[in-house]
Amino acid sequence: MPLTISVFGTGYLGATHAAGMAELGHRVIGVDVDEAKIARLSRGEVPFYEPGLPELLRKHVESGRLTFTTDATLAAAEADVHFIGVGTPQRKGEYAADMTYVDAVIETLAPLLTRPAVILGKSTVPVGTAARLAQRVRELAPVGDAAELGWNPEFLREGFAVEDTLRPDRLVLGVDKDRPGRIEEVAREVYAEILERDTPFLVTDLATAELVKVSANAFLATKISFINAIAEVCEVTGADVTELADAIGYDDRIGRKFLGAGLGFGGGCLPKDIRAFMARAGELGVDQALTFLREVDAVNLRRRQHVVDLATRLVGGSLDGARVAVLGAAFKPNSDDVRDSPALDVAGALHLRGAKVKVHDPEANANAAAVWPTLEFHDSVAAACADADLVVIGTEWRQFREADPAALAGEVAHARVIDGRNCLPVEDWQAAGWDYHGMGRFA
Ligand code: UGA
């Protein structure tokens, strides 16, 4: 039976979840404190780049099944289920997660709950948060124990957010085992259509559900840094990390996915999640258990420095005055997200060392310019590459992978490329006269 659902937070996670829940047949109210964002979403506009989301959002705004508001009172009065999808960014100057936004949702929503309701947290939070919030909800809600809280972590990837929301590979639900209440039953109603397809549904205690999420991201980050550490060894031995990754990836205990050596991981999740996980382990007195994540972080950041050092060498020892084209600013393709973006970080570092940096990203120019207003941004690959002494591929957009190396060789001053994502067809580029430098290969 269709439910009325509210989703607090309308960023990459919340907006996608809201549209996804409407697609599953529910009536959905998206709630955010940002009036401008709510106004745009209400007109059916997505304020960020996510393939497939504009169509889905418009479909359900037009059908009337999906509405947006800044008024939490409305959501509290109408919805049976409330999702929390606000951000938990890294705290300024610390590793720990900033819980301000999650806490604010609870402090706003719980006192408004005058009828039974289930709150399901989706945000990535330090273990122990859900138990604390469940207690707080019971204290604040006029309905008392009839306001229940569970944790339902989200595993969606930017760029595939719609697909991951509608066809997740698993659903995880954390409940307080001493007070199971109605949470599982309600979650089964919310996700009925997904569960009909035999999607694995794991019901755990609250702490396990919270830890599943951060462990998954920590594992992915570790896998990427593992192959990047091997890339460092390949670079001094003349070995090829991509062939190596293919070879070990055939072992299905290892698997080829997330063994893409290159500039490393960025974005709003992996970097801050491993740091918050270390911070939380420290608070719990088990910091040694996660010391390896410090190394995962260090390997990851060293890749960016490696590209800057390689660029310096290739242009003759000093970046001062060198003309460098950086292709890509988003932290990964099919996204306009520049949070902790390796590509943008490298562009900025080259610029600070005196290079004249021209950047082109198919979707992220505007977001990148807001972070680095002193970089030059261009609307096309050709414009960014004009007269360049060096081209750096920072994000593996299809447009760059499929660019014509011969045509591009005619635009630049020196046909020299650092393929920071090992994504170019090497032989084609070399045949077109390019001096090609990969990551962990062709050293
Ligand atoms: C990540 C997780 O993959 C999602 O499961 C999770 O839900 C999400 O974080 C989250 O916590 O919200 P996302 O940040 O969208 O998703 O990006 P990923 O696709 O995981 O890529 C992360 C970074 O790793 C990118 O910068 C990407 O370029 C890099 N990467 C990925 C590599 O350097 N090599 C690889 O082989 C794979």
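This text follows the structure it describes.
Residues numbered from 1 in each chain as written. Predicted model: local features only at pLDDT ≥ 70, side-chain atom pairs only at ≥ 80, totals over all residues. Heavy atoms only, no water.

1. Remarks on the sheet that holds strand S12 (residues 390-393)
Next up, step 1: A sheet is described by the order of its strands in space; here 6 strands give the open sequence S11-S10-S9-S12-S13-S14, paired in parallel fashion. Of all strands in the sheet, those with a lone pairing partner are strand S11 (376-377) and strand S14 (435-437), marking the two edges.
Next up, step 2: Strand contacts of helix H13 (residues 291-314): S12, strand S13 (416-419) and S14, with the helix running at about 170° to S13, the strand carrying the most contacts. (Pairing = 2+ DSSP bridges. Helix = DSSP H or I, 4+ residues; strand = E, 2+ residues; numbered from the N terminus. Contact = heavy atoms within 4.5 Å. Axes fitted to C-alpha atoms, helices over the stretch in contact; angles between N-to-C directions.)

2. A look at the nonpolar core
Next up, step 1: Counting 49 residues, the largest nonpolar core has Leu350 and Val391 as the members making the most contacts within it.
Next up, step 2: Those elements that place two or more of their residues in this core are H13, strand S9 (323-327), helix H14 (342-352), strand S10 (356-360), helix H16 (381-385), S12, S13 and helix H19 (426-431).
Next up, step 3: If near-sequence neighbours (up to four positions away) are discounted, Val391 is found in contact with Ala325, Leu327, Cys385, Val412, Arg416, Val417, Ile418 and Trp434. (Core = buried A, V, L, I, M, F, W, Y, C linked by side-chain atoms within 4.5 Å. Buried < 20%, exposed > 50% of the residue type's maximum accessible area, 1.4 Å probe, protein only.)

3. What about the site of the ligand?
Next up, step 1: Close contacts around the ligand come from 21 residues, with Leu156, Glu158, Lys213, Asn217 and Gly260 the closest.
Next up, step 2: Take Lys213: an N or O atom from its side chain is 2.7 Å from an oxygen atom of the ligand.
Next up, step 3: One nitrogen or oxygen atom from the main chain of Gly266 is found 3.1 Å from an oxygen atom belonging to the ligand.
Next up, step 4: Relative to its free-state accessible area of 720 Å², the ligand is covered by the protein chains to the extent of 88%.
Next up, step 5: For the shell around the ligand, the element with the highest residue contribution is helix H10 (residues 206-237), accounting for 4 residues.
Next up, step 6: If you count residues domain by domain, the shell around the ligand takes at least three from each of domain 1 (4-199) and domain 2 (223-438). (Near = heavy atom within 4 Å. Polar contact = N/O pair within 3.5 Å; in protein donor to acceptor, adjacent residues only side chain to side chain. Areas by Shrake-Rupley, 256 points an atom, 1.4 Å probe, with all protein chains shown as cover. Domains from an automatic or database assignment.)

4. Topic: the pairing of S13
Next up, step 1: Because side chains alternate across S13, one face comprises the buried residues Arg416 and Ile418, and the other comprises Val417 and Asp419, equally buried.
Next up, step 2: Inspection of the sheet shows S12 paired to S13 by 3 bridges, in the parallel sense. Within S13, the residue paired with Val391 across the bridge is Val417.
Next up, step 3: In terms of strand pairing, S13 meets S14 through 3 bridges, oriented parallel. Residue Val417 lies in a different strand from S14, and its bridge partner there is Tyr436.

5. Some points on the packing of H10 against H13
Angle between the axes and distance between the axes: these two values describe a pair of packed helices.
Next up, step 1: Orientation of H10 relative to H13, taken along the N-to-C sense of each, is 50°, at an axis distance of 9 Å. As the angle between them shows, H10 and H13 are arranged oblique. Crossing geometry of H10 relative to H13 is assigned as left-handed. Only Phe292, Leu293, Val296, Val299, Asn300, Arg302, Arg303 and His306 of H13 make contact with H10, whose side of the interface consists of Ala218, Ala221, Thr222, Ser225, Asn228, Ala229, Ala231, Glu232 and Glu235.
Next up, step 2: Its residues placed into classes, the contact of H10 with H13 shows 8 nonpolar, 5 polar and 4 charged. (Parallel < 35°, antiparallel > 145°, perpendicular 65-115°, else oblique. Left-handed = near helix turned anticlockwise from the far one by under 90°. Nonpolar A, V, L, I, M, F, W, Y, C, P; charged D, E, K, R; others polar.)

6. Some remarks on empty space enclosed by the protein
Next up, step 1: What the rule picks out here adds up to 1 cavity of 30 Å³ or more.
Next up, step 2: Around the largest cavity, the lining is made up of 13 residues, and of these Val125, Pro126, Val214, Ala276 and Phe277 lie nearest the centre.
Next up, step 3: Secondary structure elements with two or more residues in the lining of the largest cavity: H10 and helix H12 (270-283).
Next up, step 4: In terms of residue count, the dominant contributor to the lining of the largest cavity is H12 (5 residues).
Next up, step 5: A class-by-class count of the residues in the lining of the largest cavity yields 8 nonpolar, 2 polar and 3 charged. (1 Å grid on protein atoms, 1.4 Å probe; cavity = no way out; pocket = protein on both sides within 12 Å on 5 of 7 lines; lining within 4 Å. Points joined across faces, edges and corners; volume = space filled by probe spheres on them.)

7. Some thoughts on the pattern of salt bridges
Next up, step 1: Throughout the structure, instances matching the rule amount to 33 salt bridges.
Next up, step 2: Residues Arg115 and Asp80 are paired through a salt bridge, measuring 3.6 Å at the closest nitrogen-oxygen approach. With a gap of 35 residues between them, Arg115 in the loop between helix H5 (100-109) and strand S5 (117-121) and Asp80 in the loop between helix H4 (72-78) and strand S4 (81-84) connect regions that are remote in the sequence.
Next up, step 3: Judged by its relative accessible area of 24%, Asp80 is partly exposed.
Next up, step 4: Note that Lys272 and Asp273 form a salt bridge whose closest N and O atoms lie 2.9 Å from each other.
Next up, step 5: Among the residues examined, Lys272 registers a relative accessible area of 13% and is labelled buried.
Next up, step 6: By relative accessible area, Asp273 is classed as buried at 3%.
Next up, step 7: In the salt-bridge network here, residues are joined through shared partners; they are Arg275, Asp297, Arg304, Asp340 and Asp345. (Salt bridge = Lys/Arg side-chain N within 4 Å of Asp/Glu carboxyl O.)

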